[in-house]
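Here is how the chains run, residue by residue.
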Amino acid sequence: MPHDTSLIGTVVAGLVVAFLMGALAHRLRISPIAGYLLAGVLVGPFTPGFVADTGLALQLAEIGVILLMFGVGLHFSLKDLLSVRRIAVPGAVVQIAAATALGTVLGLWLGWPFAGSLIFGLALSVASTVVLLRALQARDMVETEKGRIAVGWLIVEDLAMVLALVLLPAMFGARGDEGGAGGSAALLQSAGIVFLKVAGFVAMMLVLGRRILPWVLHWVAHSGSRELFRLAVLATALGVAFGAAVIFDVSFALGAFFAGMILGETQLSRRAAEETLPLRDAFAVLFFVSVGMLFDPWVLIEHPVPVLATVAIIIVGKSLAAFAIVRAFGHSTQTALTISVS
């Protein structure tokens, strides 16, 4: 063909192989997510055969994250988010600290520099919002108390990572270049800028978003065009997420979540969720495929001990920390176990 087909090839390969592996996983009575991840490995750069464009796959995955977080926001009001703040905020912070410490110690034990070890620990401290949401939705738990705590917990983690991603370069740059009072001033300045940007985005969504977005959606709904309504919903989800990332340096996921949460307070929230469901599921599959494309199977042979230690931190260390925190706040053992698994 005379024109580039890398985007088409990536989408087709991702969906077709994901369907085959997902069907196989379903046949074996395991989660289809495992099949989607395996599909990503098969079309990734570390296995023979067709290799999809990893860069394009990651961008398509971002769309899946945006639509999925937007859909969750439609069923998760600001009142729900504030109702779990007493457990979600301290719980997420303490768990992030515990997991980061464990990951940093593992990195230092492997001979990595402190900066690399700290970043590795931070990466282990945050759970995948997309994986958790898929699991909660499959069990109709998003709108339960356990689901609200788990989602609120991950929202706090996402906000913490926004702060960490900005502070880490400033922190290590300050250590190497300025140090002392100058380095502390740089860190405080960076933290202040992040706080102002996040606060500015939240304020804009609560003040302007609450008035403009529902009004636009109601106007489109009264136009009688289902196609235009679907387009308005998608434009809202993608537009707010992109604007949040470009203007306020907030992640796509958080931007989409707040957009969905604002629209979730309207009477059209259920219809908006139904209109975006097929596209949301398709792009969510591409998210898991893109994650699988990043996996190099040879790492299991070349570095088995570090991989097992990392898995132990995620499954055992983080779970025990979360369980202890939830129980300390007086919640039941069943709730604590659910949050630990989440």
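None of these values were measured; they are calculated from a predicted model. (Residues numbered from 1 in each chain as written. Predicted model: local features only at pLDDT ≥ 70, side-chain atom pairs only at ≥ 80, totals over all residues. Heavy atoms only, no water.)

Some remarks on the overall build of the protein
Here comes step 1: Tallying secondary structure elements over the protein gives 15 helices and zero strands in all.
Here comes step 2: Since a compact globule built from 342 residues should have a radius of gyration of about 20 Å, the 21 Å found for the protein is in line with a globular shape.
Here comes step 3: Counting over 342 residues, the protein shows a buried share of 43%.
Here comes step 4: Put simply, 76% of the contacts in the protein that link residues at least 6 apart link residues at least 24 apart.
Here comes step 5: When the accessible area of the protein is evaluated, it comes to approximately 17700 Å², of which 70% is carbon and sulfur surface. (Helix = DSSP H or I, 4+ residues; strand = E, 2+ residues; numbered from the N terminus. Rg over C-alpha atoms; globule rule 2.2 N^0.38 Å. Buried < 20%, exposed > 50% of the residue type's maximum accessible area, 1.4 Å probe, protein only. Contact = heavy atoms within 4.5 Å. Areas by Shrake-Rupley, 256 points an atom, 1.4 Å probe, with all protein chains shown as cover.)

Section: the pattern of salt bridges
Two side chains carrying opposite charge are able to pair once their charged atoms lie near each other.
Here comes step 1: One pass over the structure, following the stated rule, counts three salt bridges.
Here comes step 2: The salt bridge involving Asp249 is made with Lys197; its shortest N-O contact spans 2.5 Å. Of this pair, Asp249 sits in the loop between helix H10 (226-248) and helix H11 (252-263) while Lys197 sits in helix H9 (residues 180-223), and the two are 52 residues apart along the sequence.
Here comes step 3: Residue classification places Lys197 among the partly exposed positions, given a relative accessible area of 28%.
Here comes step 4: Notably, a salt bridge pairs Glu275 with Arg230, separated by 3.1 Å at the nearest N-O pair. In this pair, Glu275 sits in helix H12 (residues 269-293) while Arg230 sits in helix H10, placing the two residues 45 residues apart along the sequence.
Here comes step 5: Residue classification places Arg230 among the partly exposed residues on the basis of a relative accessible area of 29%.
Here comes step 6: Connected through shared salt-bridge partners, Arg226, Arg230 and Glu275 make up one network. (Salt bridge = Lys/Arg side-chain N within 4 Å of Asp/Glu carboxyl O.)

What to know about the packing of aromatic side chains
Here comes step 1: With the rule as written, the count across this model stands at seven aromatic pairs.
Here comes step 2: Ring plane angle 85 degrees and centroid distance 5.1 Å describe the contact between Trp112 and Phe120, whose orientation is recorded as edge-to-face.
Here comes step 3: Judged by its relative accessible area of 37%, Trp112 falls in the partly exposed class.
Here comes step 4: Relative to Phe248, the ring of Phe201 has its centre 5.7 Å away and its plane inclined at 55 degrees; by these criteria the two rings are tilted. (Phe/Tyr/Trp six-rings, centres within 6.5 Å; stacked < 30°, edge-to-face > 60°.)

Concerning the nonpolar core
Here comes step 1: Ranked by size, the top nonpolar core spans 82 residues in total, and within it Trp153 and Phe257 carry the most contacts.
Here comes step 2: In contact with Phe257, not counting residues within four places along its chain, are Met69, Phe70, Val72, Gly73, Phe76, Leu81, Val151 and Ile155. (Core = buried A, V, L, I, M, F, W, Y, C linked by side-chain atoms within 4.5 Å.)

Re a nonpolar patch on the surface
Here comes step 1: A contiguous nonpolar surface patch, about 900 Å² in accessible area, is contributed by Met204, Val207, Leu208, Ile212, Trp215, Val216, Trp219, Leu228 and Leu231.
Here comes step 2: Mapped onto the nonpolar patch, the elements with two or more residues apiece are H9 and H10.
Here comes step 3: By residue number, the principal contributor to the nonpolar patch is H9, which donates seven residues.
Here comes step 4: Looking at the element boundaries, Leu208 is found in helix H9.
Here comes step 5: Under the relative-accessibility criterion, Leu208 is labelled partly exposed at 46%. (Patch = residues over 30% accessible without salt bridge, like charges linked within 9 Å, V, L, I, M, F, W, Y side chains within 5 Å.)

Description of the side chain of His331
Here comes step 1: Mapping His331 onto the fold places it in the loop between helix H14 (304-328) and helix H15 (333-341).
Here comes step 2: Other than its neighbours up to four places away in sequence, His331 contacts Ile87, Glu145, Ile149 and Val326.

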